[in-house]
Amino acid sequence: MNLLKQAAETGRLHYPRSLQTTLSYGTAGIRMRAEKLDYILYRMGLLSVIFSKFRKGQVTGLMVTASHNPAEDNGVKLIDTMGEMMPIAWEKHATELINVSDDKLESALEEIIKEEGVDVNIPAVICTAMDTRPSSVQLSKAAVDGIEALGGECHNYGLLTTPQLHYIVCCRNTKEQYGLPTEEGYYSKLTSAFLEFNKGQSTSKYSRDLHVDLANGVSAPKIKALKTYLNDTLNIHTCNDGSSGQLNYQCGADFVKVGQCPPIGFDLQPGMRCASYDGDGDRIVYFYKTKDGKFALLDGDKIATLIASFLSDLLTTSGLKLNLGLVQTAYANGSSTKYITDVMKVPVACVPTGVKHLHHKAGDFDIGVYFEANGHGTVLFSEGAQRSILQQASDSSLDQSARDAAGRLVTAMNMINQTQQTFALHLFTTFSHQASKIYKIAMSSSEENDPYTSSEEDFTPESSSSESDTENQSPQPGPTNNVQERTYQHADTAEGCVIPQFRPDNVPGLRLPEDRTKKDSAKYSTPGAFFKLFFTLELVGQVCQYTNDNFTRIGHTKPSLAKNWSPLTEDEFYVFVALLMYMSLVRVTRLDLYWSTQQLFHGFWARTFMSKFRFKQIQAFLKTVGDAISDMLLVESILAYRDWTCEEWDSAYTDLPSIMLKIKVEDRTIVKTTDAERRTTSPPGLQEAIDQLVAKYKFGRAFVRPSGTEDVMRVYAEADTKQKNCSPLMAGE
Ligand SMILES: CC(=O)N[C@H]1[C@@H](OP(=O)(O)O)O[C@H](CO)[C@@H](O)[C@@H]1O
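Residues numbered from 1 in each chain as written. Predicted model: local features only at pLDDT ≥ 70, side-chain atom pairs only at ≥ 80, totals over all residues. Heavy atoms only, no water.

**Brief notes about helix α10 (residues 300-318)**
Part 1: With 19 residues, α10 should reach 27 Å at 1.5 Å per residue; the first-to-last C-alpha distance of 27 Å fits that figure.
Part 2: Sitting at the amino-terminal end of α10 is D299, which places a side-chain oxygen 3.1 Å from the backbone nitrogen of D301.
Part 3: Positive phi appears at G319, one or two residues downstream of α10, with a value of about 80 degrees. (Helix = DSSP H or I, 4+ residues; strand = E, 2+ residues; numbered from the N terminus. Expected span 1.5 Å × (residues − 1). Polar contact = N/O pair within 3.5 Å; in protein donor to acceptor, adjacent residues only side chain to side chain.)

Here it is, written out as structure tokens:
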């Protein structure tokens, strides 16, 4: 029996479709009562394998969670190779698989494979994790069964927050260059930038005590672990840590945001700064009690404006001309949008609900700050912005205040994004783009083979003309024929492969155009010479210094890697970079294999230049990801830097009173929306009725939209006063 047939048969026997209603994979996966979900998890396990194969064997993720929904619910989110949500184009495949009858499962799988042109022979790797819901263990098993039924390699990480799984998927696909694919790697990455930013920061009004509601969810064990990395820089006091209460019950970010009240278990007093996480750790909102005893919410809009105004000030002081923008959804409070546009003078875009839409739009800016009002969000720095910021921070011709501001931007960027990613991204994109060419040049060991003596082409980053020039040649004997992107995992699957013959006579490196005439290749034939074209010596010196400082601060958190540490030198850093370039050309599934002595990997030369231990050591301390934990560290850093209390943060603008409701209707799919979900186009007459109601209230605004994660309609309304706003809607008019 073939694998697809067998997997479909296993599904029919062990995970039969138990629901006849039509479901859809929505805003962020699927969520519903847990009892009926196991066949869906099994099928999503199958889909994740096909998706990984579609991504040429890169690691994909599968998270078992229903985020802020009640404990009885559960759900699943599929994750793409760089830690983002599965592409929208694949959501239709998920919906098809969820709804197909058991006897049509095999043909539905075949259909997806055919439509997407998936090579089923490529091995698939999937990382899975789950939140703390009682049903998560059983549902994870169903997903793993699905993955294994289609022959996927599954790494089950157990309990993780959703952003932690995103991080791990990204680390694995960048061969650990994004970070170590472990929880420890995650904590030390986030906290090292936080500690650096706060170094020597004295405050008088900002308090280092933060009170956190953990929603009785997966953030509880994770924040406990994080605390051990924070020293006294931030004292986190926890509540709803899962020791007694129920997940998301009268607690958590969604409860606090929608109810506009403190979570259960909080003795909220004026002067306390508090934050609430959601069930899977990807949202955060802040709150406090005013001096006159009122509850005040600092939601995603307030977090976005805090971060954007901080970044905007630093951009101005540093003299950087980067285009900063903010992305919101229809749920953003009207006052926040007005403040951002009129006072901050920052452009704002509005997109449909769901982080995937915000993330996508944020990419239109050099620096895109995006947040849903409920606390989902982060900041996206374009590659160009990352480079400009790093350059500005090391430009000795600038005055001290401009350099300091750029330096602050670098550290803030690191708290979200880490320098290492900047380099890796740059190397991956620039050098991978030129991969076949670099490889060809680097392997030429004699003048006859030297492309610079045999052709008139220059190799410069701008000359991206002939990616196809190796592809279009007929096969030639010799090493230039070995430019290939196959990935070998086990020696025994590699039968017939050609062992890369990369044994240069010279010091490995690249020959620059000057070599053609000067014959002084030794001067340029080091990886460093090529790298210097892109990164100035000052910049590299600064990275070495950051890394050495970073080691001093966090070395003790990684005792095994800290052993026999010697300060990173510029020359060594260039070798490290050369190895990164090499890894983007010659791909294997695990970092360790570059140092393997097994026959298949024998030709790899990494060990000639740097020991595996030293490479890992540099990687570990070289100086990451948008999530609620990283958002919290960034907010805390900005508040400390500004020396602000919650009142000062909150004073920028006053929210219009608002209300959010969810209403069960017979068929929510009949409601269709437009204009980033702010207006309805169907059923006829609905929008006109809303317009008439809204027109009666000053600053009135209201919309309805079908939820993408629950079987409900969502209703939102805001107006200038609480007494009058929305009451007709609440009364069901
Ligand atoms: C009003 C609201 O909170 N909507 C949430 C909710 O989407 P709905 O499509 O509204 O169900 O879940 C999404 C995924 O977690 C989240 O991104 C979004 O903000």
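**Observations concerning the pairing of strand β13 (residues 367-371)**
Part 1: Of all five residues in β13, five are buried, a share of seventy percent or more.
Part 2: Here β13 shows a buried face lined by I367, V369 and F371 and a second buried face lined by G368 and Y370.
Part 3: Where strand β11 (residues 324-328) and β13 come together, four bridges link them in parallel fashion. Among the inter-strand pairings, L326 is bridged to a residue of β13, identified as V369.
Part 4: Hairpin connection of β13 to strand β14 (residues 377-381): five residues between the antiparallel strands, including G375 at a positive phi of 105 degrees. (Buried < 20%, exposed > 50% of the residue type's maximum accessible area, 1.4 Å probe, protein only. Pairing = 2+ DSSP bridges.)

**As for the packing of aromatic side chains**
Part 1: Counting across every chain of the model gives 20 aromatic pairs.
Part 2: Here the aromatic rings of F197 and F310 are separated by 6.0 Å at their centres, their planes lie at 55 degrees, and the arrangement is tilted. Residue F197 is found in helix α7 (residues 183-198), and its partner F310 is found in helix α10; the two are separated by 113 residues along the sequence.
Part 3: For F197, a relative accessible area of 2% puts it in the buried group.
Part 4: Through a chain of ring-to-ring contacts, the aromatic side chains of Y167, Y186, Y187 and Y229 assemble into a single cluster.
Part 5: Taking NZ or CZ as reference, R614 lies 4.8 Å from the ring centre of W565, over its face.
Part 6: In this arrangement the basic side chain of R642 is found over the ring face of W644, its NZ or CZ atom lying 5.3 Å from the centre. (Phe/Tyr/Trp six-rings, centres within 6.5 Å; stacked < 30°, edge-to-face > 60°. Lys NZ or Arg CZ within 6 Å of the ring centre and 35° of its normal.)

**Considering the UniProt feature "domain: Phosphoacetylglucosamine mutase AMG1" (unreviewed entry) in the chain**
Part 1: In this numbering, the UniProt entry assigns the feature "domain: Phosphoacetylglucosamine mutase AMG1" (unreviewed entry) to residues 181-285 and 299-419.
Part 2: This span, residues 181-285, is 30% helix and 15% strand, and a straight line between its end C-alpha atoms measures 27 Å. (UniProt positions renumbered as here; feature names shortened; annotations may be inferred.)

**Points about the site of the ligand**
Part 1: Around the ligand, a shell composed of 17 residues is seen, among which N374, S707, G708, T709 and R714 lie nearest.
Part 2: For the ligand, an oxygen atom lies 2.5 Å from a polar atom in the side chain of S707.
Part 3: Its residues assigned to classes, the shell around the ligand comprises three nonpolar, nine polar and five charged. (Near = heavy atom within 4 Å. Nonpolar A, V, L, I, M, F, W, Y, C, P; charged D, E, K, R; others polar.)

**Overview of the packing of helix α1 (residues 3-14) against helix α4 (residues 105-116)**
A pair of packed helices is characterised by two quantities: the angle between their axes and the separation of those axes.
Part 1: Between α1 and α4, the least distance of the axes is 8 Å, while the angle of their chain directions is 135 degrees. Our classification of the angle between α1 and α4 gives oblique. Taken as a pair, α1 and α4 cross one another with a handedness that is right-handed. Here L4, K5 and A8 of α1 come into contact with α4, specifically with L105, E106, L109, E110 and I113.
Part 2: Broken down by class, the residue content of the contact of α1 with α4 amounts to five nonpolar, no polar and three charged. (Axes fitted to C-alpha atoms, helices over the stretch in contact; angles between N-to-C directions. Parallel < 35°, antiparallel > 145°, perpendicular 65-115°, else oblique. Left-handed = near helix turned anticlockwise from the far one by under 90°. Contact = heavy atoms within 4.5 Å.)

**Comments concerning the pattern of salt bridges**
Part 1: Counted by the stated rule, this structure contains 32 salt bridges.
Part 2: For E677, the salt bridge goes to R705, with nearest N and O atoms at 3.1 Å. Within this pair, whereas E677 is found in the loop between β16 (672-674) and β17 (679-682), its partner R705 is found in strand β18 (residues 701-706), the two being separated by 28 residues in sequence. Grouping residues by exposure puts E677 and R705 together as buried.
Part 3: Salt bridges sharing common partners tie together R33, E72 and D73. (Salt bridge = Lys/Arg side-chain N within 4 Å of Asp/Glu carboxyl O.)

**Things to note about the sheet that holds strand β7 (residues 235-239)**
Part 1: Pairing within the open sheet is mixed, and its five strands lie in the order β7-β6-β8-β9-β10. For this open sheet the edge positions go to β7 and β10 (295-298), each flanked by a neighbour on one side alone. Going across the sheet, the axis of each strand differs from the next one's by a mean of 30 degrees, ignoring polarity.
Part 2: Pairing of strand β6 (residues 209-213) with strand β8 (residues 274-277) involves three bridges; the strand directions are parallel.

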